[in-house]
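Coordinate inspection notes
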Amino acid sequence: MAQVTEDTTAGAVRPEVLGHWIAGRSVQATSGRSGPVYDPAVGRVTREVGFASVGDVDAAVRAARDAFPAWRAMSLSRRTEILFRMRNAVEAHREEIARVVSAEHGKVESDAFGEVSRGLENLEFACGIPNLVKGGFSEQVSTGVDVYQIRQPLGVVAGITPFNFPAMVPLWMLANAIACGNTFVLKPSEKDPSASLLLARLFQEAGLPDGVLNVVHGDRVAVDRILEHPDIAAVSFVGSTPIARYVYEHATANGKRCQALGGAKNHMVVLPDADIDMAADAAVSAGYGSAGERCMAIATLVAVGDVADPLVEAIRARLPKVNVGPGTDPDAQMGPLVTREHRDRVAGYLDSATRQGAAVVTDGREHELYRSDGFFLGVSLVDHVTTDMDCYRDEIFGPVLTVVRVATYADALRLVNDNPYGNGTAIFTRDGGAARQFQFDANIGMVGINVPIPVPVAYYSFGGWKASLFGDLHMYGPEGIQFYTRAKVVTSRWPDPGTSSVDLGFPRTR
Ligand code: NAD
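In this report, the structure presented in the accompanying data block is examined. Treat the numbers as computed from the prediction; the structure is a model and nothing was measured. (Residues numbered from 1 in each chain as written. Predicted model: local features only at pLDDT ≥ 70, side-chain atom pairs only at ≥ 80, totals over all residues. Heavy atoms only, no water.)

A few points about the overall build of the protein
This is how it is decided: Under the scheme used here, helices are H or I runs from DSSP no shorter than 4 residues and strands are E runs no shorter than 2 residues, and both carry numbers assigned from the N terminus. With the radius of gyration taken over C-alpha atoms, the globule rule is written as 2.2 Å times the number of residues to the power 0.38. For the exposure calls, accessible area comes from a 1.4 Å probe over protein chains only, and a residue counts as buried if that area is under 20% of its type's maximum, exposed if over 50%, partly exposed in between. We call two residues in contact whenever any of their non-hydrogen atoms come within 4.5 Å of each other. Where accessible areas are quoted, they stem from the Shrake-Rupley method and a 1.4 Å probe; at the residue level, only the protein chains shown are allowed to cover. A positive count includes Lys and Arg, and a negative count includes Asp and Glu. His and the chain ends are not counted in either. Each charge is placed at NZ for Lys, CZ for Arg, CG for Asp and CD for Glu.
When helices and strands are tallied, the protein shows 16 helices and 23 strands. By the compact-globule yardstick of 24 Å for 510 residues, the protein fits well, its C-alpha radius of gyration being 25 Å. Projected onto the principal axes, the alpha-carbon positions of the protein cover approximately 90 × 70 × 40 Å. For the protein, the proportion of its 510 residues judged to be buried stands at 55%. At a minimum sequence separation of 6, the contacts of the protein that also span at least 24 residues come to 72%. Of the roughly 21300 Å² of accessible surface on the protein, 51% is carried by carbon and sulfur atoms. Between the mean site of the 48 positive side-chain charges and the mean site of the 59 negative ones, the protein shows a separation of 6 Å.

See the structure below:
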């Protein structure tokens, strides 16, 4: 979380400073601290973002708390009407949102467009809220007594989101949270903060009452205040594993409900009977899409038996055709990384891989854009990787695909299951029995069968196992509704006064 140093060069124009969005209007940060927002394709600071003070977070929580009573009391029909309008607003502004995402994150606009579409799905799911919060009813559990369960919102809830999906991940959270009647405080990544501000403005125009959605920008100061604020009932987090663990531990220690999704190291197992071309296409798409900055990216190919040589060759042959360029280039398939610091860290794994005995088949540093001012790294392929190497052990989060060669399916499965992360995995095979066995065996939250990036549609829920998720409930979909509501059970009797009597015994059914 670098802090921008002010440019005092004579004539330098200080970039625009983005403010928070509190109670339906833009509010500047009061901390005096800010961070740079880059255009990663050219390596220039395009704006700054003001970081929240404790007081700024408190103001956002106050706005959310004030908006809660009216929002939760609004009928489901009226809330649904607003959700439909929010959905239509995102649909109508898809391109604008994608452009904003691309400009600060660096991903190509077509990929950003896909991100917006997957975010939109969550608003569409939330439009079904009257059906989703239906409770249960049991008539005559005892003579004249009925029992029913209702689901009610929690109050003010908060979301803390990563840089890599600046539109989609906020929508994963806020669509269901507000549909359930909660009010929301979002703390997006300080690296690409504009998408959430644009969404907040669009939602206001769509009729979302002020204060239902608030956005505060910042660093650990903002996050810590969210984790300890007594008026925040629940925290959803998506980001790296060390921060996910920290958020989960502190939020729950302060009595909050928490779901904290962490990092990943996703394996794609290729069995000897797989279609080589199809597996190679999938590996290239899932390894390098969004420059590998996806928590569901394929990081490691597990080549089983004699599939390794033809598979590595098929991937290698495809790499020169991957068009790397700025997000604004309609022909570019892969953009730059998010910051120079991150790009250099990713490139460092190519050195350590060589040092530790792997074979760098394609080195992304040879791409001409690597020497530009933008934060580019070309696609890289590293073969003969073993589990003790840094490039296998760490989440690289960049366009570096590593290949581990194993002899048998059992070896491949051991690799997948021994890995501390458990977000996603995929198997490529033509054998239905082998695929079914893998689905049964894999100790992983999301499994793809001939599908390299098995991100569930919005009416299922998203979440990994092991170090990829802290908490009990996955994000969005049915588990999202559960996370953002709590159950109340009502036992009711409308007695005939003539049958009333005193009974000090423990209530029992009759
Ligand atoms: P990050 O953990 O650095 O940041 C996530 C959020 O936490 C940001 O809002 C950031 O401001 C905040 N934060 C960062 N450092 C903090 C600190 N020390 N104390 C308190 N808050 C802090 O993650 P990132 O780099 O923005 O995103 C990439 C990571 O997110 C990768 O590890 C990726 O796998 C993971 N991710 C996971 C999923 C998933 O669904 N499991 C989805 C997307 C991204």
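On we go from here.
Re the environment of Cys295
Structurally, Cys295 is set in the loop between α10 (276-288) and β14 (298-304). Spatially, the C-alpha atom of Cys295 lies 51 Å from that of Arg508, the residues being 213 residues apart in sequence.

Quick word on a positive patch on the surface
Our working rule: Here, patches come from residues exposed beyond 30% relative accessible area and free of salt bridges, joined within 9 Å for like charges and within 5 Å for nonpolar side chains (Val, Leu, Ile, Met, Phe, Trp, Tyr). Salt bridges are defined as contacts in which a side-chain nitrogen from Lys or Arg sits within 4 Å of a carboxyl oxygen from Asp or Glu.
A contiguous patch of positive charge on the surface is contributed by Arg72, Arg257, Arg486 and Lys488. As for its placement among the helices and strands, Arg72 is situated in helix α1 (residues 54-73). We classify Arg72 as partly exposed; its relative accessible area is 37%.

Functional significance is not addressed by these values, which are geometric in nature.
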